[in-house]
Amino acid sequence: MSSPVYTDKWSTVRRALAAAGERFAELLLSVPPQAMATADWTVADTAAHVVSISGSYASMLRTSGGGLPIPALEDVLKETTVDTVAHFNEVALANFDERDPRTLAERVRGDIAEMLRVSEDLDPGHPIDWLGGSRVPAAGVLAHLINELQIHGRDIARATDARWRVSPADAALFFEIFLLGVTSYGYGRLLDWDRPERKGRIAVEFRSSHTAPAAMVLTDGLVTVEKPAENVDVKLFFDPVTLNLMLFGRVSSLRAALSGRVVVWGRRPWLLPAFMKKVRLPS
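As the structure is a prediction and not an experimental result, all values here were calculated from the model.

A. Region of the structure containing the pairing of strand 5 (residues 222–226). As paired elements, strand 4 (residues 211–219) and strand 5 share five bridges and run antiparallel to each other. Residue pairing in the sheet places Val217 in a bridge with Thr224 of strand 5. Between strand 4 and strand 5, which pair antiparallel one after the other, the connecting turn spans two residues, and Asp220 there sits at a positive phi close to 50°.

Listed below in structure tokens is the structure:
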């Protein structure tokens, strides 16, 4: 059976994905495609990156299976870790040459419509094979794409100072549905690295106005999800929009803390950096 959170949020995450996809598609048509969205990617490159993900997710959600729309990704999918996602993205962009913004906007809309169609009768907790041998609940696949649209929509908007606002409730879906989901279902090789694992236990409790309290625990290099307990080492209150931007390197942890949108306290708050070194995301 699905966790109640996936069932309860299923209609919410579906509506949020449809809305985020439409906003992203509209934004693409209002920004010069050759403007630099990041240090390395133009607006068109950024949109192509998002489409490589949306197309892959439509394929992953089909219960009948089938290969990814970019066949070259099949060879790197299972071996990808957080630290090699850049290579995965390079392979995707090298094997997908569409850069016309109108075409990309229609691809985003079409892929999301397909994702919603094929998942309509799917158990939101149904496990989907994902990067690095990890597994994600079906609802988490949708939540991950919402975050991609939000993060990269911001990148594109900032290229020309266009307005781009993200709802904290929608941003919260990434943490509650995807991040906790992939950790609970099994993150495979995603967090593998070539350094010794820290011995001992670090428990971090996460709270926000838009999520249920949850704890992530790092024990001898293994990350698990637990219910918050009195013996947590770190307590972290977060604004979901700011936390996502921080996790993906768009906002520094210092800036997030100074803004008051990420607040840390607890009996051993100095352990948070060691925890975040292991529980990391691509930036």
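B. Fine view of the pattern of salt bridges. Counting across every chain of the model gives 14 salt bridges. With a closest N to O distance of 2.9 Å, Arg109 and Glu22 form a salt bridge. Taken together, the positions of Arg109 in helix 5 (residues 101–118) and Glu22 in helix 1 (residues 4–28) put the pair 87 residues apart, joining distant regions of the chain. Overall, the relative accessible area of 24% leaves Arg109 in the partly exposed class. Three or more residues are tied together by salt bridges with common partners; here these are Glu22, Glu106 and Arg109.

C. Structural detail: the environment of Asp45. Turning to its location among the elements, Asp45 is positioned in helix 2 (residues 43–61). Classification of Asp45 as buried rests on a relative accessible area of 18%. Each C-alpha atom, one on Asp45 and one on Arg189, is 27 Å from the other, the two residues being 144 residues apart in sequence. If sequence neighbours within four positions are ignored, Asp45 has contacts with Asp40, Leu93 and Arg99.

D. Structural view of helix 4 (residues 85–94). By the burial criterion, the buried members of helix 4 are Val85, Phe88, Asn89, Val91, Ala92 and Leu93. On its buried side, helix 4 packs onto helix 2 and helix 3 (74–77).

E. Highlighting unusual backbone geometry. Residue Asp161 is not a glycine yet carries a positive backbone phi of 60°. Within the chain, Asp220 stands out as a residue other than glycine whose phi angle is a positive 50°. Checked against the element boundaries, Asp220 lands in the loop between strand 4 and strand 5.

F. Examining the packing of aromatic side chains more closely. According to the stated counting rule, one finds eight aromatic pairs in the structure shown. When the ring of Phe175 is compared with that of Phe206, the centres are 5.0 Å apart and the planes differ by 45°; the resulting orientation is tilted. Of this pair, Phe175 sits in helix 7 (residues 168–185) while Phe206 is found in strand 3 (residues 201–208), placing the two residues 31 residues apart along the sequence. Linked through ring pairs, Trp130, Phe174, Phe178 and Phe248 together constitute an aromatic cluster. Residue placement shows Arg23 over the ring face of Trp164; its charged tip is 4.0 Å from the ring centre.

G. Up close: the packing of helix 7 against helix 8 (residues 240–247). Their axes nearest at 7 Å, the elements helix 7 and helix 8 cross at an angle of 55°. By the angle between their directions, the pair helix 7 and helix 8 is classed as oblique. Seen from helix 7, the contacting residues are Pro168, Ala171, Ala172, Phe174, Phe175 and Leu179; seen from helix 8, they are Pro240, Val241, Leu243, Asn244 and Leu247. Here the contact of helix 7 with helix 8 is built from residues that sort into 10 nonpolar, one polar and no charged.

H. Representation of the sheet that holds strand 4. Strand order in the open sheet made by the five strands is 5-4-3-6-7, with mixed pairing throughout. The open sheet has two free edges, formed respectively by strand 5 and strand 7 (262–265), since each of these has just one partner strand. For this sheet, the mean inter-axis angle between neighbouring strands, taken without regard to orientation, is 20°. Across four bridges, strand 6 (residues 234–238) lies against strand 7 in antiparallel orientation. Following the sheet pairing, Phe237 is matched in strand 7 by Val263. Strands in contact with helix 7 are strand 3, strand 4, strand 5 and strand 6; relative to strand 4, the strand with the most contacts, it is inclined by about 35°.

I. View of helix 8. When you tally the buried positions in helix 8, you get eight out of eight residues, the bulk of the element. Among the residues making up helix 8, those that are buried are Pro240, Val241, Thr242, Leu243, Asn244, Leu245, Met246 and Leu247.

J. Expanded view of the nonpolar core. Counting 96 residues, the largest nonpolar core has Leu17, Leu61, Met115, Leu149 and Phe275 as the members making the most contacts within it. Residue contributions to this core peak at 11 residues, all from helix 6 (residues 138–159). Setting aside chain neighbours within four positions, we find Leu17 in contact with Ile112, Met115, Leu116, Leu142, Leu145, Ile146 and Leu149.

K. The side chain of Ser59, seen in detail. Tracing the backbone through its elements, the reader meets Ser59 in helix 2. Ser59 sits in the buried class, given a relative accessible area of 7%. A polar side-chain atom of Ser59 sits 3.2 Å from a polar atom in the side chain of Arg62.

Rules of the game
- Residues numbered from 1 in each chain as written.
- Predicted model: local features only at pLDDT ≥ 70, side-chain atom pairs only at ≥ 80, totals over all residues.
- Heavy atoms only, no water.
- Pairing = 2+ DSSP bridges.
- Helix = DSSP H or I, 4+ residues; strand = E, 2+ residues; numbered from the N terminus.
- Salt bridge = Lys/Arg side-chain N within 4 Å of Asp/Glu carboxyl O.
- Buried < 20%, exposed > 50% of the residue type's maximum accessible area, 1.4 Å probe, protein only.
- Contact = heavy atoms within 4.5 Å.
- Phe/Tyr/Trp six-rings, centres within 6.5 Å; stacked < 30°, edge-to-face > 60°.
- Lys NZ or Arg CZ within 6 Å of the ring centre and 35° of its normal.
- Axes fitted to C-alpha atoms, helices over the stretch in contact; angles between N-to-C directions.
- Parallel < 35°, antiparallel > 145°, perpendicular 65-115°, else oblique.
- Nonpolar A, V, L, I, M, F, W, Y, C, P; charged D, E, K, R; others polar.
- Core = buried A, V, L, I, M, F, W, Y, C linked by side-chain atoms within 4.5 Å.
- Polar contact = N/O pair within 3.5 Å; in protein donor to acceptor, adjacent residues only side chain to side chain.

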